[in-house]
Structure formats: structure tokens, C-alpha cells
Amino acid sequence: MLYRSIVYLTGMLINFFGVALLINATLGAGFWTSFFIGVSDHLGFTVGFWYGAFQLLIIFINAKLMKSMPEIRAVIPVFLESLILDFWLEIVFAGVNLTAAPFFVKVVTLLAGVVIIGIGVAIYILPEFPRAPVDQLFLAVSERFQLSLQAGQTIVAVIMTSLAFLIGGPVGLGTLAPMLFLGPVIQLAYTRVYPLYHRLPASADKAYQEAPY
């Protein structure tokens, strides 16, 4: 349980570090974040607050897609992710401003954000703890309509990008890049980290049993 919890939290931290990079590239935010930024601009409160508030609604959307009861345990990752997102944005990156940075620097920051987000998501879905509703949504879409993870992620991305654009969120290159590449990155990262995730505990247990004490 400790091992799974560490992997879960590590994946969350990596994921939202990538989100913060994407936002601070100032070329447009990711499809989810762009929507929450737009809502925050209109109604106030932090992006993390709206990230959490809307995910509570998505819990019920996921239940409808999966034809199951709402996963109330998902409230835990909602709370954690809201705090972690605001931690990166409001504390760690509070003084970062790449508005005047060279375009090349912005693009590199953006692409690094996409890759890091994909790796983070792939890691924190491994322990099979309750997933944040926004991540469970593309899994629910994939399962409900018999699609790959990549296809489910892309469908969700297109819908959220459209909504973000309609409410005036920062839609741009930083929104298009995750929409096109995040699904494949998650798929690739998941296939790489899945065997490693299951191999590490067995290796550690074997080393412990063979230790000369």
C-alpha cells in the first residue's frame, strides 16, 4: 500500500508540474486547464478551485458512461489535485513570466509540459487508486465506446478545447499540442512504465530476502 501510494502521489506531482510548464509557456493552456482558466477569469477564485469544482460534476458523468454508481472515493484525488495544481501555479511558478522569452524557449517549454503530463498520468493510473474524474473520463469514454486510450483522450480533448474557446479561455498552440500528442504520449509511457511498476516490488522483496542479516 505504501509503494502504491508513493507511485500515485509521484504521478500527480509530475502531471501538474507539466501542467504548470504548459501554462507558463504562454502559448495557450492545455484543453482542461484552458477551460478552467476561462471560468476563473469570469467568476474569480483560483484555477485549482474550479478544477476541483467541475470534477465533482464529472464524477456523475463518468458514472453515466460506465453505467455504474458514482465513485465517491474520487473526491480524494479531486482534493489532492486541486491543491497540487495551485501549489505549482500559485507558489512555485508564481514569479515565472515567459511572456517576453524567445519563441523557441516557449515552444520547448510547451513540448516539455506535454511530455511530462503524459508521463505523470501514465504513472499515477498504475496503482489503480481512485482516479481524478478528468482522467477517469477518457478511460470511461474509451471503455464505453470500445476505443483505445489514445482515441478516448483525443475525443475528450476536442470537446474541452471547443468549450474553452467559447468561454474565452487561453486556447492556442499550447492547447493544440496536448490535443494532438497527449494521447500518444500517455499510451507510450504507460506501456513502458507498466512492467517496471510491477517489477520493482518483486526485485525489492527478493533483495530483502537475500540480504545477509
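Residues numbered from 1 in each chain as written. Predicted model: local features only at pLDDT ≥ 70, side-chain atom pairs only at ≥ 80, totals over all residues. Heavy atoms only, no water.

### Examining the environment of Lys67
Then, number 1: If you trace the backbone, Lys67 turns up in the loop between α3 (47–66) and α4 (75–92).
Then, number 2: Given a relative accessible area of 67%, Lys67 falls into the exposed group.
Then, number 3: A sequence separation of 35 residues divides Lys67 from Pro102, and the C-alpha atoms of the two residues are 49 Å apart. (Helix = DSSP H or I, 4+ residues; strand = E, 2+ residues; numbered from the N terminus. Buried < 20%, exposed > 50% of the residue type's maximum accessible area, 1.4 Å probe, protein only.)

### Side note on the confidence of the model for the protein
Then, number 1: Residues of the protein with pLDDT of at least 70 account for 93%, and the chain-wide mean is 82.
Then, number 2: Put simply, helix α8 (residues 173–210) is where the protein has its lowest mean pLDDT, 72, and helix α5 (residues 103–124) is where it has its highest, 90.
Then, number 3: Confidence drops under a pLDDT of 50 for residues 204–213, and excluding neighbours within four residues, the segment shows 1 contact in the predicted structure. (pLDDT = per-residue confidence, 0-100. Contact = heavy atoms within 4.5 Å.)

### Concerning the packing of helix α6 (residues 133–144) against helix α7 (residues 149–166)
Then, number 1: Where α6 meets α7, the closest approach of the two axes is 8 Å, and the angle between their N-to-C directions is 120°. When the axis of α6 is compared with that of α7, the two are oblique. The handedness of the crossing between α6 and α7 is right-handed. Facing Leu137, Phe138, Leu139, Val141 and Ser142 of α6, the residues of α7 in contact are Leu149, Gly152, Gln153, Ile155 and Val156.
Then, number 2: When its residues are assigned to classes, the contact of α6 with α7 shows 7 nonpolar, 3 polar and no charged. (Axes fitted to C-alpha atoms, helices over the stretch in contact; angles between N-to-C directions. Parallel < 35°, antiparallel > 145°, perpendicular 65-115°, else oblique. Left-handed = near helix turned anticlockwise from the far one by under 90°. Nonpolar A, V, L, I, M, F, W, Y, C, P; charged D, E, K, R; others polar.)

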